[in-house]
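Tertiary structure, described
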Amino acid sequence: MSIIVGFVPTPAGEAALTAGIAEAKLRNEDLVIVNSAREGALVDKSVAPDNVLARAASRAAEAGVKATVIQPPYQHDLADEFLDVAREANASLIVIGLRHRTQVGKFILGSHAQRILMQADRPVLAVKADGAGF
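What this report covers is the structure whose coordinates are included nearby. (Residues numbered from 1 in each chain as written. Predicted model: local features only at pLDDT ≥ 70, side-chain atom pairs only at ≥ 80, totals over all residues. Heavy atoms only, no water.)

Focus: the environment of K128
- Along the chain, K128 falls in strand β5 (residues 124-128).
- Classification of K128 as partly exposed rests on a relative accessible area of 39%.
- Considered as a pair, K128 and A16 are 112 residues apart in the sequence and their alpha carbons are 7.5 Å apart. (Helix = DSSP H or I, 4+ residues; strand = E, 2+ residues; numbered from the N terminus. Buried < 20%, exposed > 50% of the residue type's maximum accessible area, 1.4 Å probe, protein only.)

Below is the structure:
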C-alpha cells in the first residue's frame, strides 16, 4: 500500500506534500507524488519543473520515506485520472491540497479537489497551506 499525494508547485501543493510525507512515515508506507498535466497542453502552471519534483522526492527521502514521482498526462478529467492512479497504486490514503476560491470561481471552474473528496473510494486527507484564509 502507499500514500498518494497530488502535488502542484503552490503553497497548497507543498502543504499536501508535507502531510503526505508525515502520513507515509507514520504508516510505514511508500509515497507516490503525482503531478499531472493536460495532454497536449503547451503551458500548464500546475506542472512542476524537474528540479522541484526532485526536491520533493529528496524531502521524502530525508524523512526516511521511499518516494516515487509520476507525471501521468490526463486527457479528459483530472479528478478521474487521479483516482485511477490511486486505485492502481492501491493507495491507503489520498492527500490533496486546497486553496481558497470564491463561489463564482467554484461554479465556473468546477473543483477537482471537491470531486476527489466526493468520489474517492478510500480516505482523503485535504490540507491547506499555512496562512491560507477561508
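Overview of the pairing of strand β2 (residues 30-34)
- Taking burial as the measure, the five residues of β2 include four buried ones, the bulk of the element.
- As paired strands, strand β1 (residues 2-6) and β2 are joined by five bridges and run parallel to one another. Note on β2: the bridge partner recorded for G6 is V34.
- In this fold, β1 hands off to helix α1 (residues 11-27), which returns the chain to β2; that crossover is right-handed.
- Where β2 meets strand β3 (residues 67-70), four bridges bridge the pair, whose relative direction is parallel. In the sheet register, V34 faces β3, and the bridge partner there is I70. (Pairing = 2+ DSSP bridges. Right-handed = clockwise from strand over helix to strand, strands pointing away.)

Overview of the sheet that holds β2
- With parallel pairing, five strands are arranged side by side in an open sheet as β3-β2-β1-β4-β5. The open sheet terminates on both sides in strands that have one partner only, identified here as β3 and β5. Ignoring strand direction, the axes of neighbouring strands in this sheet form an average angle of 20 degrees.
- Judged from the five bridges that link them, strand β4 (residues 91-98) and β5 form a sheet pairing that is parallel. Residue pairing in the sheet places V95 in a bridge with L125 of β5.
- Contacting β1, β2, β4 and β5, α1 runs over the sheet at an angle of about 155 degrees to β4.
- Lying on the sheet, helix α5 (residues 112-119) is in contact with β4 and β5; it crosses β4 at an angle near 155 degrees. (Axes fitted to C-alpha atoms, helices over the stretch in contact; angles between N-to-C directions. Contact = heavy atoms within 4.5 Å.)

Considerations on the nonpolar core
- By size, the foremost hydrophobic cluster in this structure holds 21 residues, and its most contacted members are I3, F7, L17, I21, L31, V65 and V95.
- Elements represented by at least two residues in this core include exactly β1, α1, β2, α2 (50-62) and β4.
- No other element matches the six residues that α1 contributes to this core.
- In terms of nonpolar packing, the next biggest core, distinct from the first, is built from 14 residues, I4, V32, A86 and A120 among them. (Core = buried A, V, L, I, M, F, W, Y, C linked by side-chain atoms within 4.5 Å.)

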